[in-house]
Amino acid sequence: MIELDYKIMHNCVFTNVKLKKIGRSDSDLCDVCHKENEDIMHVFINCDELEDFHDYLSALVCKIFENCDSDKINLVQSEMLLLNGLRWKMKGVNDLFLNFVLSVARFCIFRRRHLLKNGHKNVHLTKLFQYTLKHYVTYFYVYLCKQNNKSNVFEKNFLKDNPIVQETDDVLVFDL
Ligand SMILES: [Zn+2]
């Protein structure tokens with residue numbers, strides 16, 4: 001995920017447009033919708049096949065902003081938020097968790113594209129995202145709280161000001 005984030009930030013994701021330019025692909029069309037050229041904006045933002053997932057993600061992000069106590073909320077544009085993450089602190093919002101969610105979202109969008117490109121059929125992006133997010137949050141929960149006694153780090157990164165992940169009786173509860 002960190003590697004993908006780095007590539008997006010430096011615009012060096014190997015999209016089909018780039019692959020065709022360097023002679024590594026015959027087609028620059030998107031492998032998911034097969035309708036438009038696949039550049040980086042298409043992969044993450046403009047592809048028709050992302051519509052349902054974007055709607056789902058916007059609703060989820062709204063939940064994360066539920067207790068936001070800042071007028072900067074008007075500056076948050078969902079498209080740029082998905083690509084760049086939240087670059088400033090907002091009162092009542094766990095920006096660490098929000099950026100983690102967005103990173104998982106980008107990773108899953110790219111993962112689905114990879115799976116379809118390699119012959120898989122019917123990859124459900126929202127389900128892939130929910131599964132992946134739960135998997136990583138649970139991984140950090142076990143690693144930080146159960147194995148390394150760093151509950152404070154987990155609390156700060158994943159639980160503080162977070163309406164969608166809570167811990168009850170030593171069990172994580174997700175509202176995804
Ligand atoms: Zn597409």
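Throughout, a residue's number is its position along its own chain's written sequence, starting from 1. A pLDDT threshold of at least 70 governs which residues receive local features in this predicted model, and a stricter bar of 80 or more applies before side-chain atom pairs are shown or counted, although totals over entire chains, interfaces and linings include all residues.

Draft legend 1. Fine view of the overall build of the chain. In this text, helices come from DSSP runs of H or I with a minimum length of four residues, and strands from runs of E with a minimum of two, each type numbered from the N-terminal end. Scanning the chain for helices and strands turns up eight helices and two strands. This radius of gyration counts C-alpha atoms alone. The globule rule is 2.2 Å times how many residues there are, raised to the power 0.38. The C-alpha atoms of the chain give a radius of gyration of 17 Å, which matches the 16 Å a tight globule of 176 residues would have. Along the longest, intermediate and shortest principal axes, the C-alpha atoms of the chain span 55 × 40 × 25 Å. Around each residue's C-beta, the other C-beta atoms within 10 Å are counted; 20 or more make the residue buried, 12 or fewer make it exposed, and counts in between make it partly exposed. All C-beta atoms are placed from the backbone. When the 176 residues of the chain are sorted by exposure, 23% land in the buried category.

Draft legend 2. The arrangement of helix α1 (residues 2-9) in detail. Of all eight residues in α1, zero are buried, a share of ten percent or less. Following α1 by one or two positions, N11 has its phi on the positive side, about 50°.

Draft legend 3. Layout of the packing of α1 against helix α6 (residues 95-117). To get an axis, a line is fitted to the C-alpha atoms, and for a helix only the part in contact is used. The angle between two axes follows their N-to-C directions and goes from 0 to 180 degrees. Taken N-terminus to C-terminus, the directions of α1 and α6 make an angle of 90°; their axes are 9 Å apart at the nearest point. In terms of orientation, α1 lies roughly perpendicular with respect to α6. Every residue of α6 that contacts α1 at L4, D5 and I8 is listed here: S103, R106, F107 and F110. Think of it as three bins: nonpolar holds Ala, Val, Leu, Ile, Met, Phe, Trp, Tyr, Cys and Pro, charged holds Asp, Glu, Lys and Arg, and polar takes everything else, Gly as well. Across the contact of α1 with α6, the residue classes tally to four nonpolar, one polar and two charged. Throughout this description, any angle smaller than 35 degrees is read as roughly parallel, any larger than 145 degrees as roughly antiparallel, any in the 65 to 115 degree range as roughly perpendicular, and the remainder as oblique. Residue pairs are scored as contacts if the distance between their C-beta atoms, which are placed from the backbone, is within 7 Å.

Draft legend 4. Broad picture of the pairing of strand β2 (residues 171-174). In this scheme, strands are said to pair when DSSP sees at least two bridges between them. Across four bridges, the pairing between strand β1 (residues 165-168) and β2 is antiparallel. Paired with E167 across the bridge in β2 is L172. The hairpin formed by β1 and β2 contains two residues between the paired strands, and D169 there has a positive phi angle of roughly 50°.

Draft legend 5. Structural detail: the packing of helix α7 (residues 125-147) against helix α8 (residues 151-159). Where α7 contacts α8, the axes come no closer than 8 Å and their chain directions differ by 155°. Regarding the angle of α7 to α8, the classification is roughly antiparallel. Handedness of the α7/α8 crossing: right-handed. Each of V137, F140, Y141, L144 and C145 in α7 lies in contact with α8, whose residues at this interface are S151, V153, F154 and F158. Residues that form the contact of α7 with α8 fall into these classes: eight nonpolar, one polar and no charged. Handedness of each helix crossing follows the sense of rotation of the near helix against the far helix: counterclockwise by less than a right angle gives left-handed, clockwise gives right-handed.

Draft legend 6. Seen up close, unusual backbone geometry. With phi around 55°, H34 is a residue other than glycine that occupies positive phi space. Among the secondary structure elements, H34 is positioned in the loop between α2 (16-21) and α3 (40-46). Since 11 C-beta atoms lie within 10 Å of it, H34 is described here as exposed. In this model, N122 sits at a positive phi of 50°, which is unusual for a non-glycine residue. Among the secondary structure elements, N122 is positioned in the loop between α6 and α7.

Draft legend 7. Quick look at helix α4 (residues 51-64). Taking 1.5 Å of rise per residue, the 14 residues of α4 would be expected to cover 20 Å, and the 20 Å separating its terminal C-alpha atoms lies within 8% of that figure. Close packing links the buried residues of α4 with α5 (78-84) and α6. By this rule, a helix spans an expected 1.5 Å times one less than how many residues it contains.

Draft legend 8. View of the nonpolar core. In this usage, the nonpolar core is the set of buried Ala, Val, Leu, Ile, Met, Phe, Trp, Tyr and Cys residues whose C-beta atoms join them within 7 Å. Residues L98, V101, V104, A105, C108, I109 and F129 are the most contacted members of the largest nonpolar core, which totals 30 residues. Secondary structure elements with two or more residues in this core: α3, α4, α6, α7 and α8. A per-element tally of this core places α6 first, with nine residues. Setting aside residues up to four positions removed in sequence, A105 forms contacts with L57, L82 and F129.

Draft legend 9. Structural view of the environment of C12. Secondary-structure assignment places C12 in the loop between α1 and α2. C12 sits in the exposed class, given 11 other C-beta atoms within 10 Å. It is 16 Å that separates the C-alpha atoms of C12 and I45, two residues lying 33 residues apart in sequence.

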